[in-house]
Structures are given as structure tokens and as C-alpha cells.
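# Analysis of the macromolecular model
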Amino acid sequence: MTAAFVLGINMAIAAIFAIAFGVVAATNRGASGARWLAAGYGMGIVDIVLEFLLTQQVDPTPVGVGIFLVFLLAQTFCLIGVAHHYRVAPPWRPMAAIWCLTILAVPLLFSMPYGSSLRLALYQLPYFAMQALFAFVLWRSRRRQALDLLLFALQIVAALLYLAKPAIATFVGRADAPQGYMDTTYAAISQSGSMVTLIAIALVLLLVMMRDTAAEMAARSETDVLSGLFNRRGFDTRAEAALARARRLGEPAVLIAADLDHFKAINDSFGHAAGDGVIAAFARLLRERMPPDAIVGRLGGEEFVVFLPGVNLAEGRAGAEAARVAFAGATPAETGIAQRVTASFGVAQLMPDDSLFDLARRADAALYRAKAGGRNRVGTTLAELSPAPPAQAEAG
């Protein structure tokens, strides 16, 4: 298999992946990383075209310099794309340092004898450094799922391949001039190695993007847009899993049901937009006041729910009381309306044979009693409670 044939395959592969990443960017406006990756693989096509043109040059230096810098530019674009996708700041300073040193080294590098070992080593050094930055970005992202670790390993392999190329060239032989590069065994080996890593890295990147897009879509389907909390579906899924874990480990847990007091009157007096602002303010307070492992959801309207794993009834009541006091003391600047707003809470402790439905039913009964008792208070229940007399309750 000749180097020219492998190079042609590499061009087709680069074009396929440039299109693939371009489609991802076009169909997902938030995928800024895909746009940079499409540009990077597009520059890879330009680099391969220059490789073919090199064989026809009388003076190979201008095209050779173009190949050298265009490939580094392709790496740079891809590195920025990976950083954007992993939500890590691109390593601008190291990249700028690599570019400055590379440009400064161009006159020296291209004045050296073409086949010298020093020239080969210096030629591959910027590529190794840029590829190593890929691994640095991935590691700094702190994402350790299987695909992320595989991508990290591939970046290490690709970086080491650049270091190995001078030794490979020394072992199998190299051309005496740039125009003869395509006829060497070294070129075939080098391009084959590039083809394998090109395919592997691009495929894993696409799989990572597909995985993350699917996860983002799932998160959106389980998130309440107004409050930013879990909706009923998202809450139930996570609370069921947390409840099963608590039961398996024999740990306590509580469920807090919360409801804004006189919310209909707020909508009637200030409008639905103001009511939405109050809901958003209460959601922010719940996120801030509840423990990091709390599962917080909005079930609809002014109804909220919190599942607290590893917490007993007394601790759950204390947490609900703290949230109640904080919300009752919220300023108009925080709630968005010139009126004091309060909320009522019901707290129930997990019993050995409880389902999530059973636990929620008891928390609702405790909330109902808090409402019936005058609102702006916390009701609790350990076991089953009989409902409060209907005459004592008032809607809202």
C-alpha cells in the first residue's frame, strides 16, 4: 500500500468527519465544539492537498512550510473544539507559546538537511506538544466515564506516535528530498498510523457528543423550565432510586411537601408574571437551603417537594423550618412583589415498607394540617395521620 493511496484515504476520512461534525453543529446550536472540530478536520483536507502538491514543486520549501503550519492549525482548531465541548477553558497561553516557538523555528528547521534526525525530531515536536494539550484538557475536565477515558488514552497514543516518528524514519529509511517523501516506506507507515488515530479519535469524539446530547435532552425533559428544578418525572425517577438505596442501607430519609400560601391571590393581585417570579424565588431558596444531596422538584403550580436521604424526621423538620423562616423574611427585591409571601410545609419520615407514593401521601397530609392550622408553618408526621377536618382547611 503506497503512501499516496493512504493519504487519499486520509483525505476522504477527514472530509467525512468534517461533514459529520458540521452536521452536529448545524443541528445543535449549542455545540460550539463541533464547529471547531469541523474546521479542524477541514484544515486536515487542506494539509493533504498540500502533501500531494509537494511532489510537483521545484522549490519545496513554501509548500513544505504550508504543510507544517496547516496541520498544526488543524490540531489547534480541534483542541479548541474539544475544550469547548468539555466546558474547559482552552489553554490559550500554552497554545500561543507553541505557535510562537514553531514560527520562530521555521527558518532554522527548513534550513536543515531534509533527512537529518534533528530536523525530524524538531518537526514533530510542535505536534507532540499540541496533542499532549488534548490530554491535559480532557484530564482537567474531571470527566471519567468510559468514553472520556478512552479518548484520553487515544490522545496519549497519538502524542507518543509523533515522538516515535523520527525513530521509525531512522529504522525504515527516509527520502533525501521532500518531493520523494511519498515514495518511502516511512511515509506509508506514518500516514497509516495517522489514519488509524484519525478514525479512532473522531469516532470516539462523535460518540461522546452523542452521549452528551442524549443526556442533555433527558435532563431537559426532566427539568421544570420556570423553576429550574426537577419536574414530576425527573423527581420521581431520582427519588425512587434514592428511596431504594436508603431502604437497602437501612438509612433514614424524609420527604418534604411545600406549597405557597394564598398563591391564587398573588396571581389575581399582581399578575401571572409576578406569580412566576415568586415561584422562581421560592425554587432558588429551596436549592440554597437544602443539602447538596437533596432531590428538589416542582410538581406543578405552587407545589414543591424535597426528598432528603440520610435525614431523620427532626432534621427534616429543622430544614423545612429554616426554609419557611427564610422565605417569610424575603424582601420584595427577592420575591419581585411588594407583599410578604409565605409557604407551608409538610414533613414525613420514611417507614420500612413505604413506597414513594406512601411517603408522599403522608407528607401531603402533614402539609394539609399545616395549611389548616393557619399556614406559614411546618407540619410533621411519622406514621399515618387522619386528615384534618375539612371545615378547618382553606384552599391556597
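Higher on the page you've got the structure.
Numbers given for residues are sequential positions, taken from 1 along each chain in its written order. Owing to the predicted nature of the model, reporting of local features is limited to residues with pLDDT of at least 70; listing and counting of side-chain atom pairs is limited to 80 or more, with chain, interface and lining totals taken over all residues. Hydrogens and water are ignored here; the side-chain numbers use all heavy atoms of the structure.

## Regarding the overall build of the protein chain
As a reminder of what qualifies: Segments assigned H or I by DSSP are reported as helices when at least four residues long, segments assigned E as strands when at least two residues long, and all are numbered from the N terminus. Throughout, the radius of gyration refers to the C-alpha atoms, and the reference size of a globule is 2.2 Å times the residue count to the power 0.38. Each residue is assigned to one of three classes by its accessible area relative to the maximum for its type, calculated with a 1.4 Å probe on protein chains only: buried under 20%, partly exposed between the two thresholds, exposed over 50%. We call two residues contacting when some pair of their heavy atoms lies within 4.5 Å. All accessible areas in this document rest on Shrake-Rupley with a 1.4 Å probe, and a residue is counted as covered only by the protein chains that are shown. Charged-residue counts in this description rest on Lys and Arg as positive and Asp and Glu as negative, His and the chain ends being excluded. A single reference atom marks each charge: NZ on Lys, CZ on Arg, CG on Asp, CD on Glu.
Along its length, the protein chain carries 13 helices and five strands. At 31 Å, the protein chain has a C-alpha radius of gyration far larger than the 21 Å of a compact globule built from 396 residues. With respect to the principal axes defined by its C-alpha atoms, the protein chain has extents near 100 × 45 × 30 Å. Within the span of the protein chain, comprising 396 residues, buried residues form 47% of the whole. Taking the contacts inside the protein chain whose residues are at least 6 apart along the sequence as the reference set, 71% of them involve residues at least 24 apart. As displayed, the protein chain has an accessible area near 19000 Å², and 65% of this comes from carbon and sulfur atoms. Side-chain charges in the protein chain split into 33 positive and 30 negative, and the spacing between the mean points of these groups amounts to 3 Å.

## Some details on the side chain of Gln131
Defined as follows: Counting of polar contacts relies on pairs of N or O atoms within 3.5 Å, with two restrictions inside protein: one atom must be capable of donating a hydrogen and the other of accepting it, and residues adjacent in sequence are counted only when both atoms are side-chain atoms.
By the element assignment, Gln131 lies in helix H5 (residues 117-140). Overall, the relative accessible area of 6% leaves Gln131 in the buried class. Only 3.0 Å separates the side chain of Gln131 from the side chain of Gln75, close enough to count as a polar contact. Beyond its immediate sequence surroundings of up to four residues, Gln131 is in contact with Gln75, Gln155, Ala158, Ala159, Tyr162 and Ile201.

## Considerations on the packing of aromatic side chains
Inclusion rule: Each pair of aromatic rings taken from Phe, Tyr and Trp, with Trp reduced to its six-membered ring, is defined by centres within 6.5 Å and is described as stacked if the planes are under 30 degrees apart, edge-to-face if over 60, and tilted in the remaining cases.
Inspection of the entire model under this criterion finds 14 aromatic pairs. Their ring planes at 80 degrees and their centres at 4.9 Å tell us that Phe71 and Tyr127 sit as a pair that is edge-to-face. Of this pair, Phe71 sits in helix H3 (residues 61-85) while Tyr127 sits in helix H5, placing them 56 residues apart in sequence. Between Phe282 and Phe304, the ring centres sit 4.9 Å apart and the planes meet at 75 degrees, which makes this aromatic pair edge-to-face.

## Considering the sheet that holds strand S4 (residues 343-349)
Inclusion rule: Following DSSP output, two strands are said to pair if at least two bridges run between them. Under this scheme, a helix contributes an axis fitted over its contacting stretch, all axes are lines through C-alpha atoms, and angles between N-to-C directions fall in the 0 to 180 degree range.
As summarised here, the arrangement of the five strands in space is S2-S3-S1-S4-S5, forming an open sheet in which the pairing is mixed. On the outer flanks of this sheet lie strand S2 (295-300) and strand S5 (378-381), each paired with one strand and no other. Neighbour-to-neighbour, the strand axes of this sheet turn through a mean angle of 20 degrees, independent of strand direction. With four bridges joining them, S4 and S5 adopt parallel strand pairing. Paired with Val347 across the bridge in S5 is Thr380.

## Some remarks on the pattern of salt bridges
Convention followed: Any carboxyl oxygen of Asp or Glu within 4 Å of a side-chain nitrogen of Lys or Arg constitutes a salt bridge here.
In this structure the tally under the stated criterion is 14 salt bridges. When the shortest N-O distance is used, the salt bridge between Lys264 and Asp268 registers 3.0 Å. Separated by four residues within a single helix, Lys264 and Asp268 lie in helix H9 (residues 263-270), roughly one turn from each other. On the basis of relative accessible area, Lys264 is assigned to the exposed category, the value being 59%. Judged by its relative accessible area of 57%, Asp268 falls in the exposed class. Connected through shared salt-bridge partners, Arg143, Asp148, Arg211 and Asp212 make up one network.

## Concerning the side chain of Lys165
Topologically, Lys165 is positioned in helix H6 (residues 146-172). Buried Lys165, no salt bridge; nearest opposite-charge side chain is Glu51, N-O distance 8.2 Å. Ignoring any residue separated from it by four or fewer positions in sequence, one finds Lys165 in contact with Gln124, Tyr186, Ser190 and Ser194.

## Quick look at the layout of surface pockets
We count it as follows: Here a cavity means grid points, on a 1 Å grid over the protein atoms only, where a 1.4 Å probe fits yet cannot get out; a pocket means an open set of points with protein on both sides within 12 Å along at least five of seven lines; lining residues are those with an atom within 4 Å of a point. Grid points are joined across faces, edges and corners, and a volume is the space filled by probe spheres set on the points. Under the scheme applied here, ten amino acids are nonpolar (Ala, Val, Leu, Ile, Met, Phe, Trp, Tyr, Cys and Pro), four are charged (Asp, Glu, Lys and Arg), and all others, including Gly, are polar.
For the largest pocket, the calculated volume is near 1000 Å³. If you go around the largest pocket, you meet 46 residues; those closest to its centre are Asp47, Phe71, Tyr127, Lys165 and Ser194. For the lining of the largest pocket, the secondary-structure elements that each account for two or more residues are helix H1 (3-27), helix H2 (32-54), H3, H5, H6 and helix H7 (185-221). In terms of residue count, the dominant contributor to the lining of the largest pocket is H7 (nine residues). Here the residues of the lining of the largest pocket are counted per class, giving 28 nonpolar, 13 polar and five charged. Empty space within the second largest pocket amounts to approximately 300 Å³. Residue lining of the second largest pocket: 18 residues in total, with Arg232, Leu299, Val305, Ala360 and Asp364 positioned closest to the centre. Every element with two or more residues in the lining of the second largest pocket is listed here: helix H8 (232-249), strand S1 (253-260), strand S3 (303-309) and helix H13 (356-372). Per element, the largest residue contribution to the lining of the second largest pocket is six residues, and it comes from H13. Taken together, the residues of the lining of the second largest pocket break down into 12 nonpolar, no polar and six charged.

## Structural notes on the environment of Ile13
Summarising the element assignment, Ile13 is placed in helix H1. Taking relative accessible area as the criterion, Ile13 reaches 11% and is therefore assigned buried. Distance in space between the C-alpha atoms of Ile13 and Met195 is 8.1 Å, their sequence separation being 182 residues. Setting aside anything within four residues of it in sequence, one finds Ile13 in contact with Met195, Leu198 and Ile199.

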